[in-house]
Amino acid sequence: MFPTIEVFGREIGMYGICVAVGLLLCGFVGTLLAKKFGIVFEDFIIVFMAALIGLFLFAHIVYAMTNIPLIIVAFKYIDKLWFKPFMTLIGQAVGGMVFYGGFIGGGLGIVIYTHFSKLMKRENVLDVYAVLIPLFHTFGRIGCFLAGCCYGIESEFGFTVHNNHINPSVNDVNRLPIQLIEAGCNLIIFFVILWLFKNAVMQDRLVYLYMLIYPPVRFTLEFFRGDEYRGIYFGLSTSQWISIGLVIFSIAMLIRYHIKHKTPAIQEERTE
Amino acid sequence: MQNTKTLAIVGLILGIVTIVASWFWIGCFIAIVTGIVGIILNAKAKKGLQANGEKTAMAVVGLILSIVGLVCGVIMSIVYACTACAAAALTQAASDGTLESALNGLSDELGSELGDALTSALS
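Everything numeric here is computed off the predicted structure, so don't read it as measured data.

1. A short note on the overall build of chain B
Next, step 1: Along the backbone of chain B there are six helices and zero strands.
Next, step 2: Shown N-terminal to C-terminal, the secondary structure of chain B runs as helices and strands in the order α-α-α-α-α-α.
Next, step 3: A burial count over chain B gives 45% of its 123 residues as buried.
Next, step 4: Once local pairs closer than 6 in sequence are excluded, the contacts in chain B between residues at least 24 apart make up 64%.

Here it is in structure tokens:
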């Protein structure tokens, strides 16, 4: 579609612009949501940075895990490729980002920061995180559509892209706009979790609820992805395996929460 | 009180560095780091100055510069890193034994310097 635009003579990727817009909007919305828990702007922005660090680190780490053969080749020929060709290959091996890596990294960043900072409760911040993640992801997927990556299967319904020099494999084939479909699903998830947040439903557990809602959606949509190079193991993609893992994890955490916070009526019966 | 002012000054400097660095190759990646650090320092400085009843203008300016610089750094770093598909295609080729042709294909995309290095590597 429109992978790049020209700004002051520089070619700027639309994907980067979408990510930046998503981050800014999440920062703004998060500041408003965090007020519910008495978290001031300055404290929120610091924990937002902690989440951002984790997000970027782990998004790249998980991406690199799908490019291990390339990294091995780069190091195998390091003496012949040193310096710029080697750095170029390594840059390409780790330069991409995987959403699930970012999601897990962002959550870890919050957990680690709130462990050391006593200014805010971890569960409160994770609730805000659960609202912001699908909002950010919506913009990320729109960016993917504009850049031409993470594209869909060949289909009668959809768009044909031409002359995409960033992702040439998408060119000249009518494809299902799976990125836009997923962006729409993420937007719906955002509004659902936002409503639950505002009405204090499933307080302290919204991130686990998100892990129950989004992974099955992602698991299904993965079957309509046309970019085969993202890694297939035993018939399922990397993201599908991670989806299964996250659902199991969220069920375990919700059961743990339920056991830890048994209703007062049950507790009274036991003491009688 | 002195520490808070020092924090604000360092934060402002980081904000300026972030804005400038974000426009350049390598600098844009550095801008992401300095931007995040700048935001944290400026936020802490603003909170401390507010608590002491002092003016927060320096911290606010530093915060704005850091945020803008971080956003620019994110955009520019994704521009430079946005060759993910080539890398992923290479991985597939590396796995199924067509490594030589895959590396030659990459050299076509990246230009003669890497092509020479890869040709030398394969010889």
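2. Thoughts on a nonpolar patch on the surface
Next, step 1: A grouping of Ile53(A), Leu57(A), Ile61(A), Met65(A), Ile68(A) and Ile72(A) is seen on the molecular surface, where their side chains present a nonpolar patch of about 550 Å² in accessible area.
Next, step 2: Checked against the element boundaries, Ile53(A) lands in helix H2 (residues 41-65).

3. Notes on the pairing of strand S1 (residues 4-7) of chain A
Residue and element names in this part refer to chain A.
Next, step 1: Sheet topology places S1 next to strand S2 (residues 10-13); four bridges connect them, and they run antiparallel. When the bridges of S2 are listed, valine 7 appears paired with arginine 10.
Next, step 2: The turn linking S1 back onto S2 is made up of two residues, and phenylalanine 8 within it adopts a positive phi angle of 50°.

4. Remarks on the packing of aromatic side chains
All names here are of chain A.
Next, step 1: Following the criterion strictly, the structure yields 13 aromatic pairs over all chains and no others.
Next, step 2: Judged by centre distance (5.9 Å) and plane angle (5°), the ring pair of phenylalanine 103 and tyrosine 129 falls under stacked. Here tyrosine 129 lies in helix H7 (residues 122-147) and phenylalanine 103 lies in helix H6 (residues 99-116), a separation of 26 residues in the sequence. An identical accessibility class is assigned to phenylalanine 103 and tyrosine 129; each is buried.
Next, step 3: Aromatic pair tyrosine 210 and tyrosine 214: ring centres 5.7 Å apart, planes at 0°, arrangement stacked. Of this pair, tyrosine 210 and tyrosine 214 both sit in helix H9 (residues 206-221), four residues apart, which is roughly one turn of the helix. A single burial state applies to tyrosine 210 and to tyrosine 214, both of which are buried.

5. A word on the packing of helix H3 (residues 68-76) of chain A against helix H5 (residues 84-94) of chain A
Residues and elements named next belong to chain A.
Next, step 1: Between H3 and H5, whose axes approach to 9 Å, the crossing angle comes to 165°. Relative to H5, the element H3 lies roughly antiparallel. The way H3 lies across H5 gives a crossing that is left-handed. Every residue of H5 that contacts H3 at Leu70, Ile71, Ala74 and Phe75 is listed here: Phe86, Leu89, Ile90, Ala93 and Val94.
Next, step 2: Of the residues in the contact of H3 with H5, the class split is nine nonpolar, no polar and no charged.

6. A short note on the packing of H7(A) against helix H8 (residues 178-198) of chain A
Residues and elements named next belong to chain A.
Next, step 1: As a packed pair, H7 and H8 sit with axes 8 Å apart at the nearest point and diverge in direction by 165°. Between H7 and H8, the angle falls in the class roughly antiparallel. For H7 against H8, the interelement crossing comes out left-handed. Here H7 contributes Asp127, Val128, Ala130, Val131, Pro134, Leu135, His137, Thr138, Arg141, Ile142, Cys144 and Phe145 to the contact with H8, which in turn contributes Gln179, Leu180, Glu182, Ala183, Asn186, Leu187, Ile189, Phe190, Ile193, Leu194 and Phe197.
Next, step 2: When grouped by side-chain class, the residues that make up the contact of H7 with H8 number 16 nonpolar, four polar and three charged.

7. A few points about the confidence of the model for chain B
Next, step 1: Summary statistics for chain B give a mean pLDDT of 76 and a share of 62% for residues scoring 70 or more.
Next, step 2: Of all helices and strands in chain B, the one with the weakest mean pLDDT is helix H4 (residues 84-95) of chain B (50), whereas helix H2 (residues 27-51) of chain B scores best (92).

8. Thoughts on H3(A)
Residue and element names in this part refer to chain A.
Next, step 1: Leu70, Ile71, Val73 and Ala74 are the residues of H3 that are buried. Buried residues of H3, viewed axially, fall in a sector of 160°; they line one side. Exposed residues on H3 whose side chains face more than 90 degrees from its buried face are Ile72 and Lys76.

Cut-off values and rules
Throughout, residues of each chain are indexed from 1 in the direction in which the sequence is written. For this description, chains carry letters from A and ligands carry numbers from 1, given in the order in which they are written. The predicted nature of this model means local features are confined to residues of pLDDT at least 70 and side-chain atom pairs, given and counted, to a pLDDT of 80 or more, with totals for whole chains, interfaces and linings taken over all residues. Each side-chain value is worked out from all heavy atoms of the structure, with water and hydrogens disregarded. Only runs of H or I of at least four residues qualify as helices and only runs of E of at least two qualify as strands under DSSP, and these elements are numbered from the N terminus. Working definition: with a 1.4 Å probe on protein chains only, accessible area under 20% of the residue-type maximum means buried, over 50% means exposed, and in between means partly exposed. Whether two residues are in contact is decided by their heavy atoms: any pair within 4.5 Å suffices. The patches reported here contain residues having more than 30% relative accessible area and no salt bridge. Joining distances are 9 Å for like charges and 5 Å for nonpolar side chains (Val, Leu, Ile, Met, Phe, Trp, Tyr). Accessible areas in this description were obtained via Shrake-Rupley with a 1.4 Å probe; residue shielding takes into account the shown protein chains only. For salt bridges, the criterion is a side-chain nitrogen of Lys or Arg within 4 Å of an Asp or Glu carboxyl oxygen. When DSSP finds at least two bridges between two strands, those strands are taken to pair. Under the pairing criterion, centres of Phe, Tyr and Trp rings, with the six-membered ring standing for Trp, must be within 6.5 Å; the plane angle then separates stacked pairs below 30 degrees from edge-to-face pairs above 60, leaving the rest tilted. Under this scheme, a helix contributes an axis fitted over its contacting stretch, all axes are lines through C-alpha atoms, and angles between N-to-C directions fall in the 0 to 180 degree range. Throughout, the term roughly parallel applies to angles under 35 degrees, roughly antiparallel to angles over 145, roughly perpendicular to angles from 65 to 115, and oblique to all others. By definition, turning the near helix anticlockwise from the far helix through less than a right angle yields a left-handed crossing, and turning it clockwise yields a right-handed one. Note that Gly is not counted as nonpolar here; it falls among the polar residues with everything else outside the nonpolar set of Ala, Val, Leu, Ile, Met, Phe, Trp, Tyr, Cys and Pro and the charged set of Asp, Glu, Lys and Arg. pLDDT is defined as a per-residue confidence score from the predictor, taking values between 0 and 100. Each C-beta atom gives one direction from the helix axis, and the arc is the one those directions make.

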